[in-house]
Amino acid sequence: MGELTDKIKGNVDELVGKVKQQSPNPETRDEGAAQQLKGKGEQFTGKVKGALGDDI
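What this report covers is the structure whose coordinates are included nearby. Please read all numbers here as calculations on a predicted model, not as lab measurements. (Residues numbered from 1 in each chain as written. Predicted model: local features only at pLDDT ≥ 70, side-chain atom pairs only at ≥ 80, totals over all residues. Heavy atoms only, no water.)

**A word on the side chain of Glu 14**
Here Glu 14 shows up in helix H1 (residues 3-20). No salt bridge is formed by the buried Glu 14; its nearest oppositely charged neighbour, Lys 18, is found at 4.1 Å. Setting aside residues no more than four positions away along its own chain, Glu 14 makes contact with Gln 35, Gln 36, Gly 39, Lys 40 and Gln 43. (Helix = DSSP H or I, 4+ residues; strand = E, 2+ residues; numbered from the N terminus. Buried < 20%, exposed > 50% of the residue type's maximum accessible area, 1.4 Å probe, protein only. Lys, Arg positive; Asp, Glu negative; His and termini not counted. Salt bridge = Lys/Arg side-chain N within 4 Å of Asp/Glu carboxyl O. Contact = heavy atoms within 4.5 Å.)

**Examining the packing of H1 against helix H2 (residues 26-52)**
Each pair of packed helices can be summarised by the angle the axes make with each other and by the distance between the axes. Two numbers describe how H1 lies on H2: the axes approach to 7 Å, and their chain directions differ by 160 degrees. Taken as axis vectors, H1 and H2 run roughly antiparallel relative to one another. The two elements H1 and H2 cross, and the hand of that crossing is left-handed. Within the contact of H1 with H2, the residues separate by chemical class into one nonpolar, twelve polar and 15 charged. (Axes fitted to C-alpha atoms, helices over the stretch in contact; angles between N-to-C directions. Parallel < 35°, antiparallel > 145°, perpendicular 65-115°, else oblique. Left-handed = near helix turned anticlockwise from the far one by under 90°. Nonpolar A, V, L, I, M, F, W, Y, C, P; charged D, E, K, R; others polar.)

**A look at the pattern of salt bridges**
Considering all chains together, one arrives at four salt bridges under this definition. Note that Glu 3 is salt-bridged to Lys 7, the shortest N-O span being 3.2 Å. A residue pair is termed a helical-turn pair when its members lie 3 or 4 positions apart in one helix, as Glu 3 and Lys 7 do in helix H1 at four residues. Measuring nitrogen to oxygen at the nearest pair gives 3.0 Å for the salt bridge that ties Asp 6 to Lys 49. Here Asp 6 is found in helix H1, whereas its partner Lys 49 is found in helix H2, with 43 residues between them in sequence. Asp 6 sits in the buried class, given a relative accessible area of 6%. With a relative accessible area of 11%, Lys 49 lands in the buried category.

**Some words on the environment of Lys 20**
Along the chain, the position of Lys 20 falls in helix H1. For Lys 20, a relative accessible area of 21% translates into the label partly exposed. When sequence neighbours within four positions are dropped, the list of residues in contact with Lys 20 reads Thr 28, Arg 29, Glu 31, Gly 32 and Gln 35.

In structure tokens, the structure reads:
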């Protein structure tokens, strides 16, 4: 995946995670927190790819 794709996917995962954290169900809130963290990781990957090129 390219830089832009990783960043977009990260933004979507982070947004969905934030929405899930508003749930009254504790399992869904935990799932949302994990998904938000995954999104931040994907965004970071996109930034690294942008800095180093898509060769990694």
